[in-house]
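Residue-level structural notes
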Amino acid sequence: MRGVANIRPLLKVIRSRLSRPFPVGITGRLMFSFVAVAVLAAAANLIVEHGVEVIRTSHLDRGLISLRPVLVERAPAHPAVEGPAPLASPAAYYPDSLTAAFERYQRAVEVRASIDSTAAAAETLAAAKTLDAAAQSLNAVSTRHPPLVQTTKAYEAAGSAYVRIADARRSALGSYVASADSIDKRLMTSLDGAWKIFGRILARQSLMQLRSEMDEVRRNLIRLTTSGGDRTAAVDAAAANEAAFAATFNAHAAALARSEGNVWVRQMREDFAKLVEQRQAIVALDRESLETESKFENARNRLVETITRAQAPSVAVSKAPLQAPRETPAERFVPAPTPIASPVVDTITTTTAAADGRERRTVAWITAVVLGVLLAISVSTVRSIVVPVSRMLGAAEKIAGGDVDIRVPGGGLKELHTLGAGFNRMAAQLAAARQMTRDYQQRLEEKVEQRTRQLQHLAEHDPLTHLPNRRQLFVLLDHALQRAAQNRRHVGVFFVDIDNFKNLNDSMGHAFGDRVLAGIAQRLEETAQSFGFVGRLGGDEFTAVYEDAPSADAALDAGRRLVEVFERPFVINEREVVVRASVGASLFPNHGNRAEDLLSAADAALFQAKALGRSQVAIFTPELLATATRKFTIEQGLRRAIEQGEFELVFQPEVSLDSLEMVLVESLLRWRLPDGRQAPPAEFLAVTEESGLIIEVGNWVLRKAIETAAGWHHGEWPEARVAINVSPRQLLDRRFSEYVLDLLREFRIPARCIELELTESVLQNGPATIESLRYLHSNDISIALDDFGSGYSSLASLENLPLSRIKLDRSLIASIDSNPRSAAIAAALIGLCKSLGLGITAEGVERPEQFEVLADYRSIHLQGYLISRPIAREQIISVKRLIPGVMQDLLLSIPAARANSKLEDVEAVRSVAPGSGNG
Ligand code: C2E
Ligand code: CA
Ligand code: CA
């Protein structure tokens, strides 16, 4: 344990040292390795090159060496010193002195011819003197040998010539060798200059080839110096080699001049010319040499003959050996190998096979060691880079996998250490960034949650009143129904509709309307708190739900409380606003089990409540459902009628009591049902207005009526006038007046051709409608107030509306003949309108009695079944013609006194009113 404790600080130091950057960078590390490799390669190259050079040279020179034993054998240390070798000779037959002298001279000449040395020359000279002396002495004792001296002289002269030629040839051969050496040396210098790797020379192929060709030349040179008989062949071979060399050289001369220089090429050429010259000289000398050789041989033979003859009888036997010497002179006089004193040869002698083997082994060892060191350097270099890089790769992969806490150890090469440090910094930043992202994500999630809650609130609540919207209301109602179903209790559903809210909105503006709605919502919510909740379905429609209602009566009571909410006026912008509402109620489970069913039941009940009058509560009954269903069916049928053109117009005449003429027709809408029946407006008009389809239908009526008026105006009835019924909803459309004027323009009829009929209810439309009516009136369009005198007709409408005519309601006319009150009201109204300058039409004249009463009033119009029912457009013109007659008949049917006076009045009117005469 203590030991481990001691080691720990040491390890720490080592670790800290390792984590410090290695002072050498990748570049330095690689440079070091490359330099080491280069040095090793160069060293190896040198060593191997050296080794191969030795091997190559020795291989070439071994050819020369093989001649050496011959040379050594044939050239003893010195013949003069060692004396002539024992030789079979004619000595046995001659006196010893002459024979010995002859043999000595012969051998001395042979040696002298082969070696040009002072000793050999002295020996030759001495041998000649000895031979001369022997010949002289032999001549002195016997006169029978007078030619002996002469023959000896001739023999010596031939010997001297032979030696001279041998010297000349040797000298020529030496020059030849020198030239070849010079060429070879120059080639070698060039090759030595070339780069060598492991003994392979990276040089020009031509240089290598020249070198090998020169080797051939030199190899033949050896043959020239050695073989006697093959001289010609050797010379020929040398010539052939020279030619090959010359061809190669000439072929590559230009390239060599570029690589080796012009001087080099010129010198090569000069040396080569010399080489050729010298070989030719050798050929000449060879020829001469043969001649002198045979001359020397002849002279020797003659001397031998002279000696033989001088010793006459005893010589006959001994002649044979003399004539058949052991060697022919040519053979014996094989020129001793010229001592070619080249340094190569000196080197050669040192290179033996054993040395070669040792060299090879050394080279192999060195190569192995160098390769080993190279491998070690390479591996360590690769490891110094790859190990940290792969560590970093591993770390990068871990980071990519999400482990940002990973760190790579420092140390190693400078750049890699820096890279590792940078990597660690990046990892740290990444970790920090990840933490930041996490925080941000958390905040974002919180925000999203908050926004989602807000969105959910928005999605579930109405932004204006903050009450649950339609969707949420259904959800809450469904829950309430589930609970009630489980507990066997009632649930009350109330449909609250604000009366005439549209008018309030239009007249006071939407912002004001919104504040009213918010106020209503607040009050409804306060009230509903005690029994359930409230939601807003849209517009001015609210829904309240009585959860867990104990009984149907309790639910109805709650409905009443909701209506009472509106008893107090609302104060908006310091203004008091009185708002009324109607409430329709339905009950679970009595009127349905599902939210939708209960809501539509409450809606049907609401319709009923409205029908009952303002501020009413009505609870659903099955009959209401039937009405609602019928309404729905009609609405669907109306849509089809619009699309398929099932509407028609009929026209009912209005007749002037003054002229008895038809002066106007009222257009009345009919719906031709698929079964052919014509439905009157009473059957469908209410639904048309409620559904909003009245705009489309009304526009169709306008167009059709104006088109019909135009047809008459431009045709058989130029004064045609058509009254068109207009619903208040149509007048709410701001484009209405322009539409009417556009149609007039389109069908090119004057404004007086039409009259618009409206009821007092348009006053509820607000000021905009009155404005547009004024606009139409200012454009010469007559406006009639329909159904006047019914219900709660107000004189205010006469004052406020831009009117041209009043139509007295059928209900008033109905009892005009029987009820003095009605008659009085009619009389008062007619008087009032006349004084206001308004035209008057009495509607619904059905009976002659009514006619009789009305006939008293001058200058009013009459309309009713008594004169004409509504008829098709095609019938109008013919009916128009018949009407004056009908009117006269009606007047005539009145008791005589009154009728006459009336007819007189008519005549008077007709006579002053032009254009109405012949009707
Ligand atoms: P209205 O404007 O008062 O039209 C007169 C109605 O009284 C017509 O009924 C007509 O056929 C009927 N009538 C005329 N003379 C007599 C009579 O002597 N006795 C009786 N009992 N009825 C008579 P219709 O055609 O059924 O129209 C009913 C209502 O429908 C019209 O009352 C009018 O308010 C409305 N209407 C008709 N056509 C149109 C239209 O094109 N547009 C609009 N907005 N409303 C129309
Ligand atoms: Ca009318
Ligand atoms: Ca009417």
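Residues numbered from 1 in each chain as written. Chains lettered and ligands numbered in written order. Predicted model: local features only at pLDDT ≥ 70, side-chain atom pairs only at ≥ 80, totals over all residues. Heavy atoms only, no water.

The subject of this paragraph is the coordination of the calcium ion (ligand 2). In this structure, Glu-666 (OE), Asn-725 (OD1), Glu-757 (OE) and Asp-786 (OD) serve as the protein donors to the calcium ion (ligand 2), at separations of 2.1 to 2.4 Å. Donor residues for the calcium ion (ligand 2) sit on one chain with the sequence pattern E-x58-N-x31-E-x28-D. Here the calcium ion (ligand 2) and the calcium ion (ligand 3) are spaced 4.0 Å apart, linked through Asp-786, which binds each one. You can see Glu-666 sitting in strand β11 (residues 662-672) and its partner Asp-786 sitting in strand β15 (residues 782-788), a full 120 residues away along the chain. The two residues Glu-666 and Asp-786 agree in class, both being buried. (Donors = N, O, S within 2.8 Å, 3.2 Å for Na, K, Ca; no water. Helix = DSSP H or I, 4+ residues; strand = E, 2+ residues; numbered from the N terminus. Buried < 20%, exposed > 50% of the residue type's maximum accessible area, 1.4 Å probe, protein only.)

We now examine the sheet that holds strand β9 (residues 617-619). Within the open sheet, the 5 strands sit side by side as β4-β5-β3-β8-β9. Their pairing is mixed. Looking at strand neighbours, the two that pair on one side only are β4 (532-538) and β9, the edges of this open sheet. Shown here is a sheet whose adjacent strand axes are inclined to one another by a mean of 20°, direction ignored. Across 3 bridges, the pairing between strand β8 (residues 581-588) and β9 is parallel. The partner of Gly-584 across the bridge, within β9, is Ala-618. Contacting β3 (490-498), β4, β5 (541-549), β8 and β9, helix α20 (residues 595-612) crosses the sheet at an angle of about 140° to β8. (Pairing = 2+ DSSP bridges. Axes fitted to C-alpha atoms, helices over the stretch in contact; angles between N-to-C directions. Contact = heavy atoms within 4.5 Å.)

Turning our attention to the nonpolar core. Core analysis: the largest hydrophobic core is formed by 86 residues, its most contacted members being Leu-756 and Phe-851. Sequence-distant contacts of Phe-851, that is, excluding residues within four places in its chain, are made with Leu-657, Val-845, Leu-862, Leu-866, Met-887, Leu-890, Leu-891 and Ile-894. Counting residues in hydrophobic clusters, the runner-up holds 33 residues, among them Phe-501, Ala-555, Phe-566 and Val-577. (Core = buried A, V, L, I, M, F, W, Y, C linked by side-chain atoms within 4.5 Å.)

A word on the site of ligand 1. Neighbouring ligand 1 are 21 residues, the closest being Arg-670, Asp-786, Arg-810, Glu-846 and Tyr-865. Between ligand 1 and Glu-666, the relevant distance is 3.2 Å, taken from an oxygen atom to a side-chain nitrogen or oxygen of the residue. Contact between ligand 1 and Leu-669: a nitrogen atom at 3.0 Å from a main-chain N or O atom of the residue. Within the complex, 83% of the 780 Å² of free accessible area of ligand 1 lies under protein. (Near = heavy atom within 4 Å. Polar contact = N/O pair within 3.5 Å; in protein donor to acceptor, adjacent residues only side chain to side chain. Areas by Shrake-Rupley, 256 points an atom, 1.4 Å probe, with all protein chains shown as cover.)

This paragraph deals with the pattern of salt bridges. As enumerated under the stated definition, the model contains 38 salt bridges in all. Note that Glu-449 and Arg-453 form a salt bridge whose closest N and O atoms lie 3.7 Å from each other. One end of the pair is Glu-449 and the other is Arg-453, both in helix α15 (residues 414-460) and 4 residues apart, which spans about a single turn. Exposure remark for Arg-453: the relative accessible area of 51% places this residue in the exposed category. Across the pair Glu-746 and Arg-703 runs a salt bridge, and its minimum N-O distance is 2.9 Å. With Glu-746 in helix α25 (residues 736-746) and Arg-703 in helix α23 (residues 694-713), this pair connects stretches of sequence that are 43 residues apart. (Salt bridge = Lys/Arg side-chain N within 4 Å of Asp/Glu carboxyl O.)

Quick look at the pairing of β11 now. When you tally the buried positions in β11, you get 9 out of 11 residues, the bulk of the element. The turn linking strand β10 (residues 647-656) back onto β11 is made up of 5 residues, and Leu-660 within it adopts a positive phi angle of 60°. Looking at chain direction, β11 and strand β13 (residues 722-725) are connected through 3 bridges and run parallel. Bridging across to β13, Glu-666 finds its partner in Ala-723. Judged from the 2 bridges that link them, β11 and strand β12 (residues 678-679) form a sheet pairing that is antiparallel. Along β12, the bridge assignment pairs Trp-671 with Ala-679.

Here we come to the pairing of β5. A regular strand carries its side chains on alternate faces of the sheet. Summarising the sheet, β3 and β5 pair through 7 bridges and their orientation is antiparallel. Note that in β5 the partner of Val-496 across the bridge is Phe-542. Bridging between β4 and β5 involves 6 bridges; their strand directions are antiparallel. Bridging from a neighbouring strand, Val-534 pairs with Ala-544 of β5. Counted along the chain from β4 to the antiparallel partner β5, the turn is 2 residues long, and its residue Gly-539 has a positive phi close to 55°.

Two numbers describe how helix α16 (residues 470-487) lies on α20: the axes approach to 10 Å, and their chain directions differ by 105°. The angle between the axes of α16 and α20 places the two elements in the roughly perpendicular class. When α16 is examined against α20, the residues Leu-473, Phe-474, Leu-477, Asp-478 and Leu-481 are found in contact with a partner set consisting of Ala-595, Glu-596, Leu-598 and Leu-599. When its residues are assigned to classes, the contact of α16 with α20 shows 7 nonpolar, no polar and 2 charged. (Parallel < 35°, antiparallel > 145°, perpendicular 65-115°, else oblique. Nonpolar A, V, L, I, M, F, W, Y, C, P; charged D, E, K, R; others polar.)

On the secondary structure map, Leu-702 appears in helix α23. As for Leu-702 and Ala-723, which are separated by 21 residues in sequence, their C-alpha atoms are 9.9 Å apart. Ignoring sequence-local partners within four residues, the contact set of Leu-702 consists of Ile-724, Gln-730, Phe-736, Tyr-739, Val-740, Leu-743 and Leu-756.

A word on the side chain of Thr-543. One can find Thr-543 in strand β5. Residue Thr-543 is classed as buried on the basis of its relative accessible area of 0%. Residue contacts for Thr-543: discarding those within four places in its chain leaves Leu-473, Val-493, Phe-494, Phe-533, Val-534, Gly-535, Leu-537 and Leu-599.

Applying the stated criterion across every chain yields a total of 16 aromatic pairs. Considering the side-chain rings of Tyr-155 and Phe-296, the 5.2 Å spacing of their centres and the 5° angle between planes classify their relative orientation as stacked. Pair noted here: Tyr-155 is in helix α7 (residues 146-193) and Phe-296 is in helix α10 (residues 262-310), with a separation of 141 residues, a long-range link. Taking relative accessible area as the criterion, Tyr-155 reaches 0% and is therefore assigned buried. Among the residues examined, Phe-296 registers a relative accessible area of 2% and is labelled buried. Consider the rings of Phe-249 and Trp-264, whose centres lie 6.3 Å apart with planes at 25°: the pair is stacked. Highlighted residues: Phe-249 in helix α9 (residues 231-260) and Trp-264 in helix α10, separated in sequence by 15 residues. Relative accessible area serves as the criterion here: at 4%, Phe-249 is assigned to the buried category. Ring-pair connections join several aromatic residues into one group, and the members of that group are Phe-102, Tyr-105, Tyr-155, Tyr-162 and Phe-296. Above the plane of the ring of Phe-512 lies Arg-575, whose end atom (NZ or CZ) is 5.9 Å from the centre. The ring of Phe-607 carries the charged tip of Lys-631 above its face, separated from the ring centre by 3.5 Å. (Phe/Tyr/Trp six-rings, centres within 6.5 Å; stacked < 30°, edge-to-face > 60°. Lys NZ or Arg CZ within 6 Å of the ring centre and 35° of its normal.)

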